[in-house]
Amino acid sequence: MMETTELRVRSRGTLSVRLLGPLDVSVDGIPIVLTPGRLRTLLAVLALSAGRAVSIESLAAVVWAHDDPPRNVRRSVQTYIARLRCALGEDAIRSGPAGYVLATDPERVDALMFPRLLSMASAAPDPATERARLGEALSLWRGRPFDGVPSPWLAESKAPWLVERYLTALESRLDLDIAAGRYAELAVELSELTARHPLRESLWARLLIVLGRSGRRAEALARYETIRTRIAGELGVDPDPTLQRLHADLLTIGAPRPSP
């Protein structure tokens, strides 16, 4: 939906926008408080394209995604841009033929830095470097994406993709820790994670592996029964084949063999 065009920009102050949790905005380390509402949505959309121009039409499509647009959309967007400039500084938002651009480095926006770090992790030359990059990426998360930004479009179109990438990255880091034999600490962490994501079977699979390899076979079997009952009750299906195989391994050999 959002057209973007590259545009060279420079800002006097260092603007940082954090979207992977409650909205957090600062200029040169000084917190900026924005009034709730469309102003926050406008900033979030600009931040997701930091350093690139976003057209007025694209901004309006998100800001008024589930509301009737104002009669004069262009003027309304310009009014909100003016308010953002008052809060962030005149140089924080530049205008050009292609639209408006947030004048900050993409590395200053956590939602943009996160996938960059994941790419660096996937290209890492060794497991230690990969784990370090994954740790950096995961540390950017402070809660639910776009918390405090009242935008159904961001919640429906952007947040699920970010959350899935977060969980996938987390599982990659867990696999590295499993391979390194960090079973005791992982058992605690995975117990907390399965409580927060009770239907994510890939997390339960890793918990069964860790418990089985820690010699806690009875607990692993009990955990399998917990997820089996929950899946049957809420989804009306059996656990996926990976979980079923891990369960069979626990029954026959006591400890699951390969990682999922």
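Note that this is a predicted model, so its numbers are computed, not measured. The written sequence of each chain sets the order in which its residues are numbered from 1. Selection of residues for local features in this predicted model requires a pLDDT of at least 70, selection of side-chain atom pairs for listing and counting requires 80 or more, and totals for whole chains, interfaces and linings are taken over all residues. Note that the side-chain values use all heavy atoms of the structure and ignore hydrogens as well as water.

J.: Help me understand helix 7 (residues 183–196), please; the structure alone is not making it clear to me.
T.: In an α-helix, one full turn covers 3.6 residues, which means residues spaced three or four apart are oriented alike. The end-to-end C-alpha separation of helix 7 is 20 Å, in line with the 20 Å expected for 14 residues at 1.5 Å each. Taken residue by residue, helix 7 has L186, A187, L190, L193 and T194 as its buried positions. Within helix 7, the buried residues cover an arc of 135 degrees as seen down the axis, which keeps them to one side. Facing away from the buried surface of helix 7 by more than 90 degrees, the exposed residues are A184, E185, V188, A195 and R196. Looking at the packing, one finds that the buried side of helix 7 touches helix 6 (152–179), helix 8 (201–213) and helix 9 (217–235). Only runs of H or I of at least four residues qualify as helices and only runs of E of at least two qualify as strands under DSSP, and these elements are numbered from the N terminus. A helix's residues, less one, multiplied by 1.5 Å, set its expected span. Three labels apply to residues, based on accessible area from a 1.4 Å probe with only protein chains included: buried if under 20% of the type maximum, exposed if over 50%, partly exposed otherwise in between. Each direction from the helix axis to a C-beta atom contributes to the arc, which is the arc of those directions. Contacts are assigned to residue pairs that have any heavy atoms within 4.5 Å of one another.

J.: Would you mind going over a nonpolar patch on the surface with me for this structure?
T.: Here a patch means residues that are over 30% exposed by relative accessible area and free of salt bridges, tied together within 9 Å if like-charged and within 5 Å if nonpolar (Val, Leu, Ile, Met, Phe, Trp, Tyr). Areas reported as accessible are Shrake-Rupley estimates using a 1.4 Å probe. Residue values count occlusion only from the protein chains shown. Only one rule defines a salt bridge in this text: a Lys or Arg side-chain nitrogen within 4 Å of an Asp or Glu carboxyl oxygen. Residues L199, L235 and V237 make up a contiguous nonpolar surface patch of roughly 240 Å² in combined accessible area. You can see L199 is positioned in the loop between helix 7 and helix 8. Its relative accessible area of 32% is what places L199 among the partly exposed residues.

J.: Before we go on, may I ask you to explain the sheet that holds strand 2 (residues 15–18) in this structure?
T.: Across a sheet, strands are paired by hydrogen bonds formed along the backbone, either parallel or antiparallel in direction. Paired strands are those between which DSSP finds at least two bridges. Spatially, 2-3-4 is the arrangement adopted by the three strands of the open sheet, whose pairing is antiparallel. A strand with exactly one partner marks an edge of an open sheet, and here the two such strands are strand 2 and strand 4 (30–32). Averaged over all neighbouring strand pairs, the angle between strand axes comes to 30 degrees, with direction disregarded. Sheet topology places strand 3 (residues 24–27) next to strand 4; three bridges connect them, and they run antiparallel. Simply put, an axis is a line fit to the C-alpha atoms, just over the touching stretch for a helix, and the angle between two N-to-C directions goes from 0 to 180 degrees.

J.: Would you take a moment to explain the pattern of salt bridges for this structure?
T.: Side chains that carry opposite charge are capable of pairing whenever their charged atoms lie near each other. Here the structure, examined in full by the defined rule, presents 17 salt bridges. Across the salt bridge formed by R133 and E136, the nearest N and O atoms sit 2.7 Å from each other. Remark: E136 and R133 occur in helix 5 (residues 127–139); sequence separation between them is three residues, near one turn of the helix. Several salt bridges converge on common partners, so that one network encompasses R131, R173, D177, R182 and E189.

J.: Could you clarify how one ought to interpret the pairing of strand 7 (residues 99–102) in this entry?
T.: Every other side chain in a regular strand lies on the same face of the sheet, so the side chains alternate between the two faces. By the bridge criterion, four bridges tie strand 6 (residues 93–96) to strand 7 in an arrangement that is antiparallel. Pairing of R94 across the sheet is with V101, part of strand 7. Counted between consecutive antiparallel strands, the loop separating strand 6 from strand 7 contains two residues.

J.: When you look at the nonpolar core in this model, what are you seeing that I'm missing?
T.: Among buried residues, those of type Ala, Val, Leu, Ile, Met, Phe, Trp, Tyr and Cys that are joined through side-chain atoms within 4.5 Å constitute a nonpolar core. Of all hydrophobic cores here, the largest spans 78 residues; its most connected members are V17, L19, L46, L84, L88 and L102. Among the elements that make up this core, the one with the highest residue count is helix 6 (eleven residues). When neighbours within four sequence positions are excluded, L88 is seen to be in contact with L15, V25, V27, I32, L43 and L102.

J.: Sorry if this is basic, but what is going on with the packing of aromatic side chains here?
T.: Aromatic ring pairs are described here by two measures, namely the spacing of the ring centres and the angle between the planes. In this analysis, rings of Phe, Tyr and Trp, with Trp reduced to its six-membered ring, are considered paired at centre separations within 6.5 Å, and the interplanar angle assigns stacked below 30 degrees, edge-to-face beyond 60, and tilted for intermediate values. For the structure shown, the criterion picks out three aromatic pairs. Measuring from centroid to centroid gives 5.5 Å for F114 and W141, while their planes differ by 75 degrees, and the two rings are edge-to-face. Of this pair, F114 sits in helix 4 (residues 110–122) while W141 sits in the loop between helix 5 and helix 6; the two residues are 27 residues apart in sequence, bridging distant segments of the chain. Given a relative accessible area of 1%, F114 falls into the buried group. Residue class for W141 comes out buried when judged on its relative accessible area of 13%.

J.: Just to check I follow, could you spell out the pairing of strand 3 for this structure?
T.: Two strands pair when backbone bridges link them, and strand 2 and strand 3 are joined in this way by four bridges, in the antiparallel orientation. Looking at strand 3, one finds that R18 is bridged to D24. Taken together, strand 2 and the strand that follows it, strand 3, pair antiparallel across an intervening segment of five residues, in which G21 is found at a positive phi of about 145 degrees. Adjacent in sequence and paired antiparallel, strand 3 and strand 4 are bridged by two residues, among which D28 carries a positive phi angle near 55 degrees.

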